[in-house]
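Listed below, chain by chain, are the residues.
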Amino acid sequence: MPGKNVSKAGPLSPAEVVLREELRADVQKLAGEIGERNMWHYAALNAAADFIEDSFLQAGLRTRRDNYETGGQPCHNIEAEISGIQEGAAVSSPPPIIIIGAHYDSVFGSPGANDNGTGVAATLALARRFARAKPKQTLRFVAFVNEEPPYFLSGEMGSQVYASRCKERGDKISGMISLETIGYFSDAPHSQTYPSPGLGMFYPNVGNFIGFVSNVKSRVLLRRVVTSFRKHAKIPSEGASLPAFIPGVSWSDQWAFWQNGYPAIMVTDTAPFRYPYYHSSNDTPDKLDYDSFTLVVSGMEKVIQDLDKL
Ligand SMILES: [Zn+2]
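Predicted, not measured: the structure shown is a model, and the values here were computed from it.

Visitor: When you look at the side chain of Asp269 in this model, what are you seeing that I'm missing?
Guide: Following the sequence through the fold, Asp269 ends up in the loop between β10 (264-268) and α8 (290-309). Buried charge without a salt bridge: Asp269, with Arg274 as the nearest opposite-charge side chain at an N-O distance of 5.1 Å. Apart from the residues lying within four places of it in its own chain, the contact partners of Asp269 are Asn114, Glu180, Thr181, Ile182, Gly183, Tyr184, Gln192, Ile210 and Arg274.

Visitor: What am I meant to see in the packing of aromatic side chains here?
Guide: Enumeration according to the criterion identifies 12 aromatic pairs in this entry. With a centroid separation of 6.3 Å and 50° between ring planes, the pair formed by Tyr162 and Phe257 is classed as tilted. Remark: Phe257 occurs in helix α7 (residues 254-259) and Tyr162 occurs in helix α4 (residues 158-169); sequence separation between them is 95 residues. The exposure classification of Tyr162 matches that of Phe257, with both residues buried. Summarising the aromatic geometry, the rings of Tyr275 and Tyr277 are spaced 5.5 Å apart at their centres and angled 80° between planes, so their arrangement reads as edge-to-face. Residue classification places Tyr275 among the buried positions, given a relative accessible area of 3%. Among the aromatic side chains, those forming a connected cluster through ring pairs are Phe144, Tyr162, Phe257 and Tyr262. Looking at Lys287, its charged tip hangs above the ring of Tyr277, at a distance of 4.8 Å from the centre.

Visitor: In this structure, what is going on with the environment of His232? I would like to understand it.
Guide: With respect to the helices and strands, the residue His232 is situated in helix α6 (residues 219-232). The spacing of His232 and Glu36 is 196 residues in sequence and 35 Å in space, taken between C-alpha atoms. When neighbours within four sequence positions are excluded, His232 is seen to be in contact with Lys302 and Asp306.

Visitor: Would you mind going over the environment of Gly112 with me for this structure?
Guide: Along the chain, the position of Gly112 falls in the loop between β5 (97-103) and α3 (113-130). Those residues in contact with Gly112 that sit more than four places away from it in its chain are Ala31, Arg37, Ser106, Gly117 and Asp283.

Visitor: What is the right way to look at the packing of helix α1 (residues 14-34) against α8 in this model?
Guide: For any two helices packed against each other, the geometry is given by the interaxial angle and the distance between the axes. Closest axis-to-axis distance for the α1/α8 pair is 9 Å, and the angle between their directions is 110°. Classified by the interaxial angle, the pair formed by α1 and α8 is roughly perpendicular. Residues Glu16, Leu19, Arg20, Leu23, Arg24 and Val27 of α1 pack against Tyr290, Asp291, Phe293, Thr294, Leu295, Val297 and Ser298 of α8. Its residues assigned to classes, the contact of α1 with α8 comprises seven nonpolar, two polar and four charged.

Visitor: Teacher, can you tell me more about unusual backbone geometry here?
Guide: Among all residues save glycine, negative phi is the norm, and among peptide bonds the norm is trans. Geometrically, the link from Asp115 to Asn116 is a cis peptide bond, its omega value of 10° lying close to zero. With respect to the element layout, Asn116 can be found in helix α3. For Asn146, which is not glycine, the phi dihedral falls at a positive 55°. Position of Asn146 relative to the elements: it lies in the loop between β6 (138-144) and α4. A relative accessible area of 1% means that Asn146 is categorised as buried. Even without being glycine, His190 reaches a positive phi, approximately 65°. For His190, the location among the structural elements is in the loop between β7 (173-179) and α5 (197-200).

Visitor: Mind showing me how you'd approach the coordination of the zinc ion here?
Guide: Four donors placed tetrahedrally about a metal ideally form angles of 109.5 degrees, and six donors placed octahedrally ideally form angles of 90 or 180 degrees. Surrounding the zinc ion are the protein donor atoms His103 (NE2), Asp115 (OD), Glu180 (OE) and Glu180 (OE), at 2.0 to 2.7 Å. Coordination at the zinc ion is irregular, judged from the four donor atoms that bind it and the angles of 53 to 135° they form at the metal. Considered as a linear motif, the donors of the zinc ion on their single chain read H-x11-D-x64-E. Of this pair, His103 sits in strand β5 while Asp115 sits in helix α3, and the two are 12 residues apart along the sequence.

Visitor: Is there a simple way to think about the sheet that holds β6 in this case?
Guide: Backbone-to-backbone hydrogen bonds join strands into a sheet, with any given pair of strands oriented parallel or antiparallel. Sheet architecture is open: eight strands sit in the order β3-β4-β6-β5-β7-β10-β8-β9, paired in mixed fashion. With one partner strand each, in any of the chains shown, β3 (62-70) and β9 (237-241) form the two edges of the open sheet. The mean angle between the axes of side-by-side strands here comes to 20°, regardless of whether they run parallel or antiparallel. Summarising the sheet, β7 and β10 pair through four bridges and their orientation is parallel. In the strand pairing of β10, Ser178 is matched with Met266. The strands touched by α3 within the sheet are β4 (73-82), β5, β6 and β7, with β5 carrying the most contacts at an inclination of about 145°. Contacts from α4 reach β3, β4, β5, β6 and β7 within the one sheet, and its direction differs from that of β3 by about 110°.

Visitor: Sorry if this is basic, but what is going on with the packing of α1 against α3 here?
Guide: The geometry of α1 relative to α3 is characterised by a closest axis approach of 9 Å and an angle of 130° between their N-to-C directions. Regarding the angle of α1 to α3, the classification is oblique. Where α1 crosses over α3, the handedness of that crossing is right-handed. In contact with Val18, Leu19, Glu22, Leu23, Asp26, Val27, Leu30 and Ala31 of α1, α3 contributes Ala113, Gly117, Thr118, Val120, Ala121, Ala122, Leu124, Ala125, Arg128 and Arg129. Its residues assigned to classes, the contact of α1 with α3 shows 12 nonpolar, two polar and four charged.

Scoring rules and cut-offs
Residues numbered from 1 in each chain as written. Predicted model: local features only at pLDDT ≥ 70, side-chain atom pairs only at ≥ 80, totals over all residues. Heavy atoms only, no water. Helix = DSSP H or I, 4+ residues; strand = E, 2+ residues; numbered from the N terminus. Buried < 20%, exposed > 50% of the residue type's maximum accessible area, 1.4 Å probe, protein only. Lys, Arg positive; Asp, Glu negative; His and termini not counted. Salt bridge = Lys/Arg side-chain N within 4 Å of Asp/Glu carboxyl O. Contact = heavy atoms within 4.5 Å. Phe/Tyr/Trp six-rings, centres within 6.5 Å; stacked < 30°, edge-to-face > 60°. Lys NZ or Arg CZ within 6 Å of the ring centre and 35° of its normal. Axes fitted to C-alpha atoms, helices over the stretch in contact; angles between N-to-C directions. Parallel < 35°, antiparallel > 145°, perpendicular 65-115°, else oblique. Nonpolar A, V, L, I, M, F, W, Y, C, P; charged D, E, K, R; others polar. Donors = N, O, S within 2.8 Å, 3.2 Å for Na, K, Ca; no water. Tetrahedral: all angles 85-135°; square planar, octahedral: opposite > 155°, others 65-115°. Pairing = 2+ DSSP bridges. Left-handed = near helix turned anticlockwise from the far one by under 90°.

Rendered as structure tokens:
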């Protein structure tokens, strides 16, 4: 419906309408134009990396490529950093780092609009909104390569390479937010399922909310994020700190940060537990609910502002 800007959760503000069109354009670029992007579609993977780096540069940000090789082919995580400015007694130590990240590869056979064109578009949109900010903590926006199988939860996963280098350098990361598949919402009954029937007893069966998920160790970060999101956002949310062995809990780049001892959470529409086109050739830009997706991203902008104050 062209021109539609009334969401279930209420009308979008003028700033949110701008944000929605930015998100729509970037998902279209990644999933509609560049399309399937992974080691089997290596030129497209690199086209996505270039697009992300250019977008950061156009926002006036400094970028860095975090490079490694897999199967003899160079791969790149793309980082943009905004240095934190500490005052008073804290000035002698480098400020803690908040990482906002999303994987930019798509699974084999899929153009990856929701998984994870949405996460990348959100990362770019948030980076643009903080480009001229003077945060107290350092903000790093990172697009990770090779999250999907066969790299998934392995040492060759882009975020695992990145997070282990953070640990080696002694980076002080106060929290990592993984934006993973955040664009599909439904008001239909039973549109939401869960990895275990027990969870379905406590959480809604209508897939109209955004989910916040962490391991048990990251529960303080999760609570802060959900509290802040609920204060500001105009879309329902659910949060859960769960043992990492429950299917789905560790299924993205937050896992890599947990492996390296950092607190991290995932923001997600729950992907396979809701999205009918998950990991399929039909994961295309037209399937997404851009109004709800926008409300998630505008809520996350406030969350990052709140986390920076701590
Ligand atoms: Zn994904």
